[in-house]
Amino acid sequence: KKGFVVGKPLLQDQKNKHKKKFVLCIFIDGLVDPSELGNYQDKDIMPHTAEFFKLGTRFRNNYSNAEWTLPSVPSFFTGSRQQKHGFFSPKDNHIIGKNDQILSEIFQEDGYLTFQSCGNWRKSPGYGYVKGFDRTIYKKELSANEVIFSFLEHMRAFKDRDNFAWLSFMEVHHLLKLVPDVSNQIYNNIYVTPWHDPDNKNKSVFISKDDKLIDIYINEIKRLDYYLKIVYDFIRETYNDNQIIISLVSDHGQAFLSEDPHPLSSARTKVPWFLRGDGIKKQDCHEFTENIDLF
């Protein structure tokens with residue numbers, strides 16, 4: 001006589017095994033390609049990421065399919081550009097995958113246990129991004145430690161399943177707490193600047209070049225990479241390369257990195273794509289690629 005919820009049972013084991021036991025997408029919101037940061041190389045700002053993906057392919061001319069998160073992220077999940085997936089206005093009630101299966105649904109249908117941990121405003125359950133995920137951990141602006149811990153909890157619980165996982169990280173997009181964490185306070189200059197000036201009503205897409213923000217940005221990338229090592233170590237200790245496909249992607253760069261105000265400037269649209277796993281060559285690939293290619 002009381003209200004109740006019935007959930008889909010999650011099996012701890014599976015009969016049909018896949019050659020690729022683990023497929024992971026590491027999504028870092030707002031991460032520009034290192035080539036747009038001056039003389040920096042991957043190993044300078046993301047040493048653990050560079051070390052992990054040096055055994056795979058680094059796409060050196062990869063571009064996002066839009067200049068900000070709302071229209072950009074659907075390209076990963078649908079393999080289509082904005083003209084088809086239709087995500088454009090922040091005021092509209094967009095729902096992902098109305099007409100076609102999205103990436104998570106394809107893996108779920110194929111028998112993978114699907115999991116995501118996410119705090120991204122524009123990739124929320126309200127936009128339909130729970131579709132195809134057996135488990136979703138969502139909280140607005142979920143921190144890196146929460147994302148990584150929830151991921152390890154999931155993998156410990158379902159270690160005998162073949163898993164598809166999507167992890168979203170927001171720290172590089174903007175400071176989640178307005179003030180840098182203590183491990184970055186000692187690296188930043190004496191100023192402590194909020195990521196967005198409270199008196200400036202411009203959205204991040206329209207912010208002008210700002211050297212202070214560049215300083216904070218680079219140090220936040222280094223900090224996130226420090227904690228991503230936990231994920232990389234788990235993968236190395238648990239799987240062989242012929243059992244995995246691991247991607248690292250981003251949806252857009254940052255307006256404050258360049259004097260170029262054009263919304264499609266390289267600082268805003270040139271983004272990293274690293275790929276490692278079964279059948280993936282060890283190489284730097286310089287052909288032009290775009291985010292829909294992940295699909």
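Whatever comes next refers back to the structure up there.
Now for a description of the structure that goes with this document.

Criteria and thresholds
Residues numbered from 1 in each chain as written. Predicted model: local features only at pLDDT ≥ 70, side-chain atom pairs only at ≥ 80, totals over all residues. Heavy atoms only, no water. Buried < 20%, exposed > 50% of the residue type's maximum accessible area, 1.4 Å probe, protein only. Helix = DSSP H or I, 4+ residues; strand = E, 2+ residues; numbered from the N terminus. Pairing = 2+ DSSP bridges. Axes fitted to C-alpha atoms, helices over the stretch in contact; angles between N-to-C directions. Contact = heavy atoms within 4.5 Å. Core = buried A, V, L, I, M, F, W, Y, C linked by side-chain atoms within 4.5 Å. Polar contact = N/O pair within 3.5 Å; in protein donor to acceptor, adjacent residues only side chain to side chain. Salt bridge = Lys/Arg side-chain N within 4 Å of Asp/Glu carboxyl O.

Description of the pairing of strand β1 (residues 22–28)
- Where burial is concerned, most of β1 is hidden: 7 out of the 7 residues are buried.
- Neither face of β1 is exposed, since Phe 22, Leu 24, Ile 26 and Ile 28 on one face and Val 23, Cys 25 and Phe 27 on the opposite face are all buried.
- Where β1 and strand β6 (residues 163–169) come together, 7 bridges link them in parallel fashion. Within β6, the residue paired with Phe 22 across the bridge is Asn 163.
- Taken together, the 6 bridges between β1 and strand β7 (residues 244–249) define a ladder with parallel strand orientation.

Quick notes on the pairing of β7
- A large share of β7 lies buried, amounting to 6 of its 6 residues.
- On β7, burial covers both faces: Ile 244, Ile 246 and Leu 248 on one face and Ile 245, Ser 247 and Val 249 on the other are all buried.
- Across 5 bridges, β7 lies against strand β8 (residues 273–277) in antiparallel orientation. Opposite Ile 245, over in β8, you have Gly 277 as the bridge partner.

Some points on the sheet that holds β8
- Taken in spatial order, the 8 strands line up as β5-β4-β6-β1-β7-β8-β2-β9 in an open sheet, and their pairing is mixed. Every interior strand has two partners, whereas the edge strands, β5 (135–138) and β9 (283–285), have only one. The sheet shows a mean angle of 10 degrees between the axes of neighbouring strands, taken without regard to direction.
- As judged from the 3 bridges shared by strand β2 (residues 57–59) and β8, these two strands associate in the antiparallel manner. Across the sheet, residue Thr 57 finds its bridge partner in β8, namely Leu 275.
- Helix α9 (residues 211–238) contacts β1, β6 and β7 of the sheet and is inclined by roughly 175 degrees relative to β1.

Here's the deal with the nonpolar core
- Within the largest apolar cluster, 42 residues are counted, with the highest numbers of intra-cluster contacts made by Phe 22, Ile 28 and Phe 169.
- Contributing elements (two or more residues each) for this core: β1, α2 (47–53), α7 (144–157), β6, α9 and β7.

Looking at the side chain of Ser 250
- Residue position: Ser 250 is located in the loop between β7 and α10 (266–269).
- Residue class for Ser 250 comes out buried when judged on its relative accessible area of 0%.
- A polar contact of 3.5 Å, which involves the side chain of Ser 250, links it to the backbone nitrogen of Gly 30.
- Discounting chain neighbours no more than four positions away, the residues touching Ser 250 are Phe 27, Ile 28, Asp 29, Gly 30, Leu 31, Phe 76, Val 271, Pro 272 and Asn 291.

Concerning the environment of Trp 121
- Among the structural elements, Trp 121 can be located in the loop between β4 (113–118) and β5.
- The exposure class assigned to Trp 121 is partly exposed, which follows from its relative accessible area of 44%.
- Taking C-alpha positions, Trp 121 is 9.0 Å from Lys 139, a pair spaced 18 residues apart along the chain.
- Discounting residues that sit within four places of it in the chain, Trp 121 has contacts with Tyr 127, Tyr 138, Lys 140 and Glu 141.
- Among the polar contacts made by the side chain of Trp 121, one reaches the side chain of Glu 141 at a distance of 3.4 Å.

Topic: the pattern of salt bridges
- Counting across every chain of the model gives 15 salt bridges.
- Among the salt bridges present, the one from Lys 54 reaches Glu 51, with a minimum N-O distance of 3.2 Å.
- The partner of Arg 236 in a salt bridge is Asp 233, with the nearest N and O atoms 2.9 Å apart. With Arg 236 and Asp 233 both in helix α9 and 3 residues apart, this pair spans about one turn of that helix.
- Taken together, the shared-partner salt bridges connect Asp 42, Arg 58, Arg 60 and Asp 284 into one network.

So, unusual backbone geometry
- We note that Glu 141 has phi near 60 degrees; this positive angle belongs to a residue other than glycine.
- With respect to the helices and strands, the residue Glu 141 is situated in the loop between β5 and α7.
- The exposure class of Glu 141 is buried, given its relative accessible area of 19%.

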